[in-house]
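# Structural description and commentary
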Amino acid sequence: MSEKPVINYGLEGIYVDESAISKVDGQNGKLWYRGYSIENLAEQSNFEEISYLLLNGNLPTNNQYEEFVEKLKERRDLPKEVKEVIKVMAPVSHPMDVMRTATSMLVMYDKDPNNRESGATMYKVVTLLAKLPTIAAATGRFREGKDYISPDHSLGHSANFLYMLTGKKPNEFESKLIDLMFILHAEHSTNASTFSVLVTASTLADVYSATTSGIGTLKGSLHGGADEAALNMMNAIGDPNNTEKYIEEALEGKQRIMGFGHRVYKTYDPRAKLVRSYLEESLTKEPLDEVKRLLQIVLRAEKLMIDKLGKTKGIWPNIDFFAGPLYRVLGIDSQMFTPIFVASRMAGWGSHVVEYWHNNKLVRPVEWYTGSIDLPYVPMNKR
Ligand code: CMC
């Protein structure tokens, strides 16, 4: 019997590849997309430009930008059958389940789905990037029994999403908020869903299959689903005066506080800082009572958690802690939070597939077997 190897549960600390797409500095709370700091991109860029940057490796010239934006606009609308399936599923299934199914259907409209040449891959990725917000918005509309809203080509990518979801054209501040969320969720190195996308891509399956894997993985509450779970927790807290008691009791009961902790960040998540600052700015713009209440809970929970676990165990707020309250500023329902994450993360997933296929290697780790061997087979009538 050979000796048990060191097992890195959850692949913690394991390097699986090289990548030039993004860097997460977990000790210092920094994030760069293709070398540009997330703070600069969040303040000065927009989702279309950062998608181009992630996918191509460089900031676009004016012509490249216009061409890219046009491609996204042209491909925003959904085929009739996809809308029909969303309409059937949305009233009964979680929006993430609807997203996963509708995204998988898009393969039907690709005449050459298994083509992995770089131009063909890029075409598929940009098509998914264009359509995922529409799938999300249609899901949000149909689950409330409302009509589908066609894309509006006068609006930018994320503002159009918000319009298709709410039926109201966003003002400048609202457009900035939704675009911020799209930018901040676009890419984050080899997180669980991106890894899942790459595992599927590594078998030489198609981009639609890889994306569908990513959506399934993002759904879980330890990953993308934490945004919805964190807001549910805030609603369970209810009264801000209940915050400390609720959290103390949850920690005593060994529960996770959603929106805190990260495998890589052992300090404040830089994306969380940005969302927090915009959330505070929203208070200067006649906020809803609900948002004021949520922000009080957020600030009290943040203080308690940092005092208790931040300084001792490196458990700090992550982006998902502030995402929900910010989406509530925009009137977005909690079950729609993670679908927005999907629509945005498509930029990162697609960039990783493009990069990975330049030097593809099947992902196939090993496990240490702890079961029996050579058991005698007993026929069924003798068991
Ligand atoms: N609340 C309370 N305790 C926590 C939390 C938390 N949110 N996160 C970690 N811990 C504790 C955990 O109980 C464990 O304690 P002990 O050593 O006493 O057993 C210790 O910290 C280490 O936890 P771990 O689960 O081994 O660490 P991990 O690196 O696997 O955890 C995590 C990462 C994100 C799964 C975890 O922090 C967590 O469950 N957070 C809540 C869910 C969440 O907010 N997820 C979103 C992550 S950011 C956005 C994204 O990538 O999707």
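We now turn to the structure provided with this report. Residue numbers restart at each chain and count upward from 1, following the sequence in its written direction. A pLDDT threshold of at least 70 governs which residues receive local features in this predicted model, and a stricter bar of 80 or more applies before side-chain atom pairs are shown or counted, although totals over entire chains, interfaces and linings include all residues. Side-chain descriptors were evaluated using all non-hydrogen atoms of the structure, hydrogens and water having been removed beforehand.

## A word on the overall build of the protein chain
Numbering of helices and strands starts at the N terminus; helices are DSSP runs of H or I of at least 4 residues and strands are runs of E of at least 2. Summing up its helical and strand segments, the protein chain has 16 helices and 3 strands in all. By the compact-globule yardstick of 21 Å for 383 residues, the protein chain fits well, its C-alpha radius of gyration being 22 Å. Dimensions along the principal axes, computed over C-alpha positions, put the protein chain at roughly 70 × 55 × 50 Å. Think of it in three bands: with a 1.4 Å probe and only protein chains considered, a residue is buried below 20% of the maximum accessible area for its type, exposed above 50%, and partly exposed in between. By residue count, 52% of the 383 residues in the protein chain fall in the buried class. What makes two residues a contact is simply this: any of their non-hydrogen atoms within 4.5 Å. Across the protein chain, every contact between residues at least 6 apart in sequence was considered, and the portion connecting residues at least 24 apart equals 75%. Here the protein chain displays about 18,600 Å² of accessible surface, and carbon together with sulfur accounts for 50% of that area. Residues scored as charged are limited to Lys and Arg (positive) and Asp and Glu (negative), so that His and the chain ends carry no count. Here the site of a charge means atom NZ of a Lys, CZ of an Arg, CG of an Asp or CD of a Glu. Here the protein chain contributes 45 positively and 48 negatively charged side chains, and the mean placements of these two sets differ by 4 Å. Within these notes, the globule rule equals 2.2 Å times the number of residues to the 0.38 power, and the radius of gyration is based on C-alpha atoms. Per-residue and other accessible areas were derived by the Shrake-Rupley procedure at a 1.4 Å probe size, with only the shown protein chains allowed to occlude residues.

## Details of the site of the ligand
Neighbouring residues of the ligand: 19 residues in total, closest His-223, Arg-256, Ile-257, Phe-260 and Arg-263. In protein, a polar contact means a hydrogen-donor-capable atom and an acceptor-capable atom, both N or O and within 3.5 Å, with residues adjacent in sequence counting only if both atoms are side-chain atoms; elsewhere, any N or O pair within 3.5 Å suffices. Here an oxygen atom of the ligand sits 3.4 Å away from a polar atom, N or O, in the main chain of Gly-224. Any residue with a heavy atom lying within 4 Å of a molecule or strand is counted as near it.

## A look at the packing of helix H13 (residues 270–282) against helix H14 (residues 289–313)
In a pair of packed helices, the angle between the axes and the distance between the axes together describe the arrangement. It is at 11 Å that the axes of H13 and H14 come closest, and there the two elements cross at 140°. Taken together, the axes of H13 and H14 lie oblique to each other. H13 and H14 meet at a crossing whose hand is left-handed. Along the contact surface, H13 presents Arg-276, Leu-279, Glu-280 and Ser-282, while H14 presents Val-291, Leu-295, Leu-299 and Glu-302. Each residue belonging to the contact of H13 with H14 can be placed in one class, and the counts come to 4 nonpolar, 1 polar and 3 charged. Here the axes come from fitting lines to C-alpha atoms, over the contacting stretch only for helices, and the angles between their N-to-C directions go from 0 to 180 degrees. Here the angle decides the label: under 35 degrees means roughly parallel, over 145 means roughly antiparallel, 65 to 115 means roughly perpendicular, and every other value means oblique. Crossings are classed by handedness, with left-handed meaning an anticlockwise turn of the near helix from the far one by less than a right angle and right-handed meaning a clockwise turn. Only Asp, Glu, Lys and Arg are considered charged in this grouping, and only Ala, Val, Leu, Ile, Met, Phe, Trp, Tyr, Cys and Pro are considered nonpolar; every other residue, Gly among them, is considered polar.

## A closer look at the nonpolar core
Judged by nonpolar contacts, the single largest core of 111 residues is most densely connected at Tyr-33, Ile-86, Ile-178 and Ile-332. Broken down by element, the residue count for this core peaks at 12 residues, all from helix H6 (residues 118–143). With sequence-adjacent residues up to four places away left out, Ile-332 is seen in contact with Leu-162, Leu-165, Ile-178, Tyr-327, Phe-337 and Ile-340. In plain words, nonpolar cores are sets of buried Ala, Val, Leu, Ile, Met, Phe, Trp, Tyr and Cys residues tied together by side-chain atoms within 4.5 Å.

## Here's the deal with the environment of Ser-202
Structurally, Ser-202 can be placed in helix H9 (residues 192–202). Judged by its relative accessible area of 2%, Ser-202 is buried. Along the sequence, Ser-202 and Asn-359 sit 157 residues apart, while their C-alpha atoms lie 9.7 Å from each other. Dropping the residues within four chain positions of it, Ser-202 is found in contact with Tyr-356, Trp-357, Asn-360, Lys-361, Leu-362 and Val-363.

## Observations regarding the packing of helix H8 (residues 172–185) against helix H15 (residues 319–329)
For the pair H8 and H15, the least separation of the axes is 10 Å and the interaxial angle reads 155°. By the angle between their axes, H8 is roughly antiparallel relative to H15. In terms of crossing hand, the pair formed by H8 and H15 is left-handed. Contacts between H8 and H15 pair Leu-177, Ile-178, Met-181, Leu-184 and His-185 from the former with Ile-319, Asp-320, Ala-323, Leu-326, Tyr-327 and Val-329 from the latter. Of the residues that constitute the contact of H8 with H15, the class distribution is 9 nonpolar, 1 polar and 1 charged.

## Points about the packing of aromatic side chains
The criterion for an aromatic pair is that two Phe, Tyr or Trp rings (for Trp, the six-membered ring) have centres within 6.5 Å, with stacked assigned to planes under 30 degrees apart, edge-to-face to planes over 60 apart and tilted to the rest. On inspection of all chains with the given rule, the structure shows 7 aromatic pairs. For the ring pair Phe-161 and Phe-182, a centre distance of 5.8 Å and an interplane angle of 50° mean the geometry is tilted. Of the two residues, Phe-161 sits in helix H7 (residues 157–166) while Phe-182 sits in helix H8, which places them 21 residues apart along the sequence. Relative accessible area serves as the criterion here: at 0%, Phe-182 is assigned to the buried category.

## Overview of helix H2 (residues 47–56)
Most of H2 is tucked away: 8 of the 10 residues are buried. If you check which residues of H2 are buried, you get Phe-47, Glu-48, Ile-50, Ser-51, Tyr-52, Leu-53, Leu-54 and Leu-55. You can read the cap of H2 off the contacts: a side-chain oxygen lies 3.2 Å from the backbone nitrogen of Glu-48, and it is on Asn-46. One or two steps after H2, the chain reaches Gly-57, where phi turns positive at roughly 90°.

## Focus: H8
Helix span, expected: 1.5 Å multiplied by one less than the number of residues in the helix. In this model, H8 (14 residues) spans 20 Å end to end at C-alpha, consistent with the 20 Å of a helix rising 1.5 Å per residue. Counted residue by residue, H8 has 11 buried out of 14 residues, so it is predominantly covered. Sitting at the head of H8, Asn-171 places a side-chain oxygen 3.1 Å from the backbone nitrogen of Phe-173.

## Observations concerning the side chain of His-188
Assignment of secondary structure puts His-188 in the loop between H8 and H9. Its relative accessible area of 7% is what places His-188 among the buried residues. Of note is the side chain of His-188, whose polar atom sits 2.8 Å from the side chain of Tyr-265. Not counting chain neighbours up to four residues away, the residues in contact with His-188 comprise Ser-22, Val-24, Leu-31, His-262, Tyr-265, Arg-271 and Arg-345.

## Here we look at the environment of Ser-344
Relative to the assigned elements, Ser-344 resides in helix H16 (residues 337–356). Measuring from C-alpha to C-alpha, the distance between Ser-344 and Gly-119 comes to 21 Å, with 225 residues separating the pair along the chain. Ignoring anything within four residues of it in the chain, the contact list for Ser-344 reads Phe-47, Met-181, Phe-182, His-185 and Ala-186. Polar side-chain contacts of Ser-344 include one of 3.4 Å to the backbone oxygen of His-185.

Don't take any of this as a statement about function, it's just geometry.
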